[in-house]
Structure formats: structure tokens, C-alpha cells
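# What the coordinates show
Given next are the chains, with one letter for each unit.
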Amino acid sequence: MKRTILLTALVLNGLTSSFAQTNDEKNIKLFYKKALTESKCYTWLEYLSNDIGARLSGSKGAELAVDYTKRQLESLGLDKVYLQEVMVPHWVRGEKETAYILDGKTKTVVPICALGGSVATPKTGITAEIVEVQGIKELAELGADKVKGKIVFYNRPMNPENIETFTSYGACVDQRYAGAKEAAKLGAVGTIVRSMNLRLDDFPHTGAQSYGDLPKEQYIPTAAISTNGAELLSKSLRVNPALKFYFKQSCETLPDALSYNVIGELTGTVSPENIMVVGGHLDSWDLADGSHDDGAGVVQSMEVIRILKNLNYKPKNTIRVVLFMNEENGGKGGAKYEEVSKQKKENHIFALESDSGGFTPRGFSIEADDANLKKIQGYKDLFEPYLVHSFTIGHAGSDISHLTSQAIVKAGLKPDSQRYFDYHHAANDTFDAINKRELELGAATMTTLMYLLDQNGIDIKKAN
């Protein structure tokens, strides 16, 4: 009997040992607990969205956001909090746009919004025949004879077959970004672009566009039309190819404005010269308050450093939160941060960005060599209890793309993307579209990756 009891005790001790949590597992559980029970990110986002609102570069909202986030970071007791000057574009939308389909004497109003950086129409607007194309390639095949004096209507939709909705976005966003430039070369008087949106609704989605190296006298006005509006316009053209379209917008580009990146950091205790960045972009488009794009990424990045500071975590490397200005229509904040970093000869070893919305975290999109990719993928078991599972090679983020340290690994938080383009750059990207718990889970997931790479390092010799 005594032998049986002894063996049973040994087995039980062995089981206890096998299932005992490692320090990493205990800390990660604590990160999620802190995020889900004590987080400030939802409250921070509520203020950014509802009290400040839209934060397009050069605007009053952007100025207020810089001041607010700096004060919040200072309240955390970080080792350093400071602003970094950056000159940014200052484009303003002006009066609300007007557009309608003109079919004989019938006028049918459709929702549009000027694309960022566009010029205005004449004060009385533009009326012209429409030529519909599925993209820039089809436009080029038509040639100037069929385009000159007309409004080009780009109507290539996002492909619903892709599970990764950013793949669908990337496959058709060229018509928004470069569509006006290419149409202007052929003598078009304006362009209308189908909104980058997978669902049918009445929200036009703005976004950046560029005239490239065209002389200013060739600039033509360009606007996005809602997906419902695009469907109606296309259907109407099939019935009457000779119908006309009218639109009016009063946007303009003002001189560049002074703004700031907002930066806070915890100094490393072992290798302070090695810098790990976590960040999002502080600016947003002007149609709404940009809660998903990218208020969520801003407050999640702030929450990462709040959790670590609150737990009195002493990082081996310097951990720096950077709230970049002007990602949406210029990328000047990311470029300035890298410029200053080079001047100071700083060494960035890791950068993490959140700029894909505040939805449920699924994993990370990673830019790394094979050795470091495998290292991060080796953490899968630690993330599995939190339903985070996707660790794949891919674009990490626009702002951190500027970083060029010799040894650096980059990652982007990868939330579930199915609903993202319902809100992206549209008037419904507001605070009520945010789920508090999903937002907090994202912050905890980011904290976990920062912690694991700070503790375990990256393969410096093999990093890109």
C-alpha cells in the first residue's frame, strides 16, 4: 500500500511539473489580464474619436491629437516623452461634394467624395459624357480618341473571392491612386473611381491619389463614388451610353504645415542602444474620426508600453512607442523618423505596427529572413490559447517601412480583415464601430510579441 501511495505521489508530481506554467506563459497571461481588465486604450480612443474627431495632417484635429497623446504618455511615467517635428501636406476638402447622373432631363443624385490631393472642379462643376473602364490597362487600350473631353469612370471592384481582403484591396487600388494621372494624359476632364469596399452601400471611400510628375495645368479633379452609386452608374450606362455625369468639389492644397510625431520610451537595461518600436499613425482622413484607421493602432501601441510600465517591466532593449503623423497622404512622419534615426546612428532591431483596424487579432504579417521568421513562428504555442495563429511573411506597415537599420525585423498586427473595408476611409469609421474587447485583445497580442522578442532577441547576423 505504501509503495502504491508513493508511486501515485510521484506520478502526480510529474504531472504537476509537466503542466506547470513557464515564466513566459505566466507573463503572457498577465498581459492579457491587464489588457482586458485595466486597459486605457478604449478610453483613449473614445477621446480621440469623439472629443477630437478627424485628424487629417495639417488640421486642428491633428494638432489636438498630438497634444492629447503626448500628455497621456507623460502620465504613464515613461523614461522619455517628446515630439519630433515634421512638415506635412495640408489638403482641405472644402464644401461637401455634389454629383448626379444626367440622363436626359432626369437627375439622379449619387454619393461621392473627393480623393485626397485632388484639385477642385470649376466653381460651377463639370458635366461630361462617361467612359467606363475596369482599370488603367483598359483605359490605355482605349486611347485618347475615346477619352478626350470625357469623365473616366473606373469601376473595377474588389475581388470577393480572396479571404485576405487586403489582397483584394491591393489588386484594384491603383485605379484610385494613379487613375487621374493616367486619364489626364489622354485628355479626360475628370475621373470617378469605385470605392474600395467589398459591400454595397452608400458610403464613398476617400484615399490618397497622385498626379505623379504631371505639370499642374494638366491636373484633373478626381472623386470616389459609393459602391451603390457605381452599380447604378454602370447599369445606367448600359441602357444609355450617351448619358452625362455632373460633379462639383471645392478641395485645395494649402502650404505644408508643421506637425509632430509623438514618441515615448522605456530605456533598455542591458542593450539600450538597440531600439524596438511599436506604433500606429496619428492622422486620419477627414470624413470621420478614423477609429479603425488608425485610432485603434495608436491606442493599442500606447497600451503596449502602458502594460509594460505598469508591471514594472525592465526591458533589455529600449522600447519606443511612436505615433506617426501623415501616413494617409504622404508618409512624411515615417520618413522623418528614419531621417532623424540615421542622423543619430540609432540601431533598430524590431518594429511592430498596428494599422489594419481594431478587430480580433489573428496573428502577424512579418518581414524577416528565414531564421527570424522561424523564431517568431516558434512562439505559436504561446499564442495558441489566445486564438492567435497566423505568422506569415508579408507587408508589416507603411510607417515602419521607412526603417532601414542593417539588422531589423518588422511585423504588423494582423486582425481579422473581413469587416475592415466596410469602414476604411469612409464616413462610418467612427467610435461606435469599435468593439472594446477586440481592441484590447489586439493590444495584449502586440505586448506579447514585443516582450518575447525583447527577452529572446533576434538573429542579428542573419536579419535583413
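This is a predicted model, so every value here is computed, not measured. (Residues numbered from 1 in each chain as written. Predicted model: local features only at pLDDT ≥ 70, side-chain atom pairs only at ≥ 80, totals over all residues. Heavy atoms only, no water.)

### What to know about the overall build of the protein chain
Filter applied, for reference: Numbering goes from the N terminus for both helices and strands, where a helix is a DSSP run of H or I of at least four residues and a strand is a run of E of at least two. Computation of the radius of gyration draws on C-alpha atoms alone. For the globule rule, the value is 2.2 Å times the number of residues to the power 0.38. A simple rule labels every residue: compare its accessible area, found with a 1.4 Å probe on the protein chains alone, to the largest value its type can have, and call it buried under 20%, exposed over 50%, or partly exposed in between. We call two residues in contact when some of their heavy atoms are within 4.5 Å. Per-residue accessibility takes into account occlusion by the displayed protein chains alone, with areas from the Shrake-Rupley method and a 1.4 Å probe. For the purpose of charge, His is not counted, nor are the chain termini; Lys and Arg are scored as positive and Asp and Glu as negative. By convention, the charge on Lys lies at NZ, on Arg at CZ, on Asp at CG and on Glu at CD.
Of the regular secondary structure elements, the protein chain holds 14 helices and 16 strands. A compact globule built from 464 residues would reach a C-alpha radius of gyration of about 23 Å, and the protein chain, at 25 Å, matches this within 12%. Dimensions along the principal axes, computed over C-alpha positions, put the protein chain at roughly 100 × 50 × 40 Å. A total of 464 residues make up the protein chain; the buried ones form 55% of that total. The contacts in the protein chain between residues at least 6 apart in sequence include a share of 83% that link residues at least 24 apart. Working note: accessible area of the protein chain is about 20100 Å², and carbon and sulfur atoms make up 52% of it. Looking at charge distribution, the protein chain has the averaged site of its 53 positive side-chain charges lying 3 Å from that of its 58 negative ones.

### Some details on the domain arrangement of the protein chain
The extent of an interface is frequently quoted as the accessible surface area lost upon association of the parts. Operational definition: Residue ranges assigned to each domain were obtained from an automatic or database domain assignment. Note: buried area is the sum, over both parts, of the accessible area (probe 1.4 Å) each one loses when the two are combined. Any Lys or Arg side-chain nitrogen found within 4 Å of a carboxyl oxygen on Asp or Glu counts as a salt bridge. N or O atoms closer than or at 3.5 Å make up a polar contact, with two conditions inside protein: a donor-capable atom paired with an acceptor-capable one, and, for residues adjacent in sequence, both atoms drawn from side chains.
What the domain assignment lists for the protein chain is domain 1 (23-91 + 254-456) and domain 2 (94-250). Centre-to-centre separation of domain 1 and domain 2, based on C-alpha positions: 33 Å. On the domain 2 side, the residues contacting the 18 residues of domain 1 number 23 residues. When the two sides are added together, the surface that domain 1 and domain 2 hide from each other amounts to roughly 1600 Å², 61% of it contributed by carbon and sulfur. The three residues of domain 1 that bury the most area against domain 2 are Trp-91, Phe-421 and Asp-422, which together make up 38% of that side's buried surface. The interface formed by domain 1 and domain 2 contains two salt bridges. Where Glu-164 meets Lys-414, a salt bridge forms, and the shortest distance between an N and an O atom there is 3.2 Å. Here domain 1 and domain 2 share six residue pairs in polar contact (both at pLDDT 80 or more) between them.

### Quick look at the sheet that holds strand E3 (residues 106-109)
Rules: Think of it this way: DSSP has to see at least two bridges between two strands before they count as a pair. Axis geometry follows a simple rule: fit a line to the C-alpha atoms, using only the stretch in contact for helices, then measure angles between N-to-C directions, giving values from 0 to 180 degrees.
Taken together, eight strands build an open sheet; the order of strands is E3-E2-E9-E5-E6-E7-E8-E4 and the sheet is mixed. Looking at the sheet topology across the chains shown, the edges are occupied by E3 and strand E4 (112-114). Between one strand and the next, the sheet's axes are offset by a mean angle of 30°, whatever the strand orientation. Across three bridges, the pairing between E4 and strand E8 (residues 222-225) is antiparallel. Residue pairing for E8: Ala-114 is matched across the bridge by Ala-223.

### Observations regarding the UniProt feature "domain: Peptidase M28" (unreviewed entry) in the protein chain
Selection criterion: UniProt positions are given in the numbering used here, feature names are shortened, and annotations may be inferred rather than shown by experiment.
UniProt tags residues 261-446 as "domain: Peptidase M28" (unreviewed entry). A helix fraction of 32% and a strand fraction of 27% characterise residues 261-446, whose end C-alpha atoms lie 20 Å from each other.

### A few points about the layout of surface pockets
So the rule is basically this: Site definitions follow a grid-based scheme: protein atoms alone, a 1 Å grid, a 1.4 Å probe that fits but cannot get out for cavities, and for pockets an open set with protein on both sides within 12 Å along at least five of seven lines, plus lining residues having an atom within 4 Å of a point. Grid points are joined across faces, edges and corners, and a volume is the space filled by probe spheres set on the points.
Its boundaries defined by the atoms lining it, the largest pocket holds a volume of some 730 Å³. Along the wall of the largest pocket there are 30 residues; nearest its centre are Phe-166, Tyr-169, Asp-355, Ser-356 and His-395. Listing elements by their share of the lining of the largest pocket, those giving two or more residues are helix H6 (165-170), helix H7 (174-185), strand E15 (390-393) and strand E16 (409-415). When residues in the lining of the largest pocket are grouped by element, the largest group, four residues, is from E16. Two domains share the lining of the largest pocket, each providing at least three of its residues, namely domain 1 (23-91 + 254-456) and domain 2 (94-250). In this model, the second largest pocket occupies a volume close to 390 Å³. Taken together, 14 residues line the second largest pocket, and the ones lying closest to its centre are Gly-116, Gly-117, Gln-209, Tyr-211 and Thr-253.

### Considering the sheet that holds strand E1 (residues 80-92)
Sheet architecture is open: eight strands sit in the order E1-E10-E12-E11-E13-E16-E14-E15, paired in mixed fashion. Either end of the sheet is taken by a strand with one partner, and the two such strands are E1 and E15. Taking each pair of neighbouring strands and ignoring which way they run, the sheet shows an average axis angle of 20°. In this structure, strand E10 (residues 252-266) lies alongside strand E12 (residues 317-324), joined through five bridges in antiparallel fashion. Considered in E12, the bridge of Gly-264 is made with Val-321. Across the sheet, helix H9 (residues 291-310) touches E10, strand E11 (271-281), E12 and E16, and the angle it forms with E11 is around 145°. In the packing of helix H10 (residues 332-343) onto the sheet, the strands contacted are E1, E10, E11, E12 and strand E13 (347-353), and the crossing angle to E1 comes to about 140°.

### Re the confidence of the model for the protein chain
This is how the line gets drawn: The predictor reports its confidence for every residue as pLDDT, a score running from 0 up to 100.
In this model, the protein chain carries an average pLDDT of 94, and 95% of its residues clear a pLDDT of 70 or more. This stretch, residues 1-19, has a pLDDT under 50; its non-local contacts, to residues over four places away or in other chains, come to zero contacts.

### Section: the pairing of E11
Let me state the cut-off plainly: Classification remark: right-handed applies to a crossover when, strands pointing away from the viewer, the course from the first strand over the helix to the second runs clockwise.
When you tally the buried positions in E11, you get nine out of 11 residues, the bulk of the element. Relative to E12, E11 runs parallel, the two being bridged by eight bridges. Bridge pairing in E12 links Ile-275 to Thr-318. Handedness of the crossover joining E11 and E12 through H9: right-handed. Direction of pairing for E11 relative to E13: parallel, over a ladder of six bridges. By the bridge assignment for E13, Gly-279 is matched with Glu-353.

### Here's the deal with the nonpolar core
Put simply, the rule is: For the purposes of this section, nonpolar cores are sets of buried Ala, Val, Leu, Ile, Met, Phe, Trp, Tyr and Cys residues that join through side-chain atoms within 4.5 Å.
Grouped together as the largest cluster of nonpolar side chains are 65 residues, with contacts concentrated most on Leu-73, Phe-350, Leu-352, Phe-364, Phe-383 and Leu-449. A total of nine residues in this core trace back to one element, the largest contributor, which is helix H14 (residues 436-456). Formed by 29 residues, the second largest nonpolar core is a distinct cluster that contains Cys-113, Val-193, Leu-214 and Ala-433.

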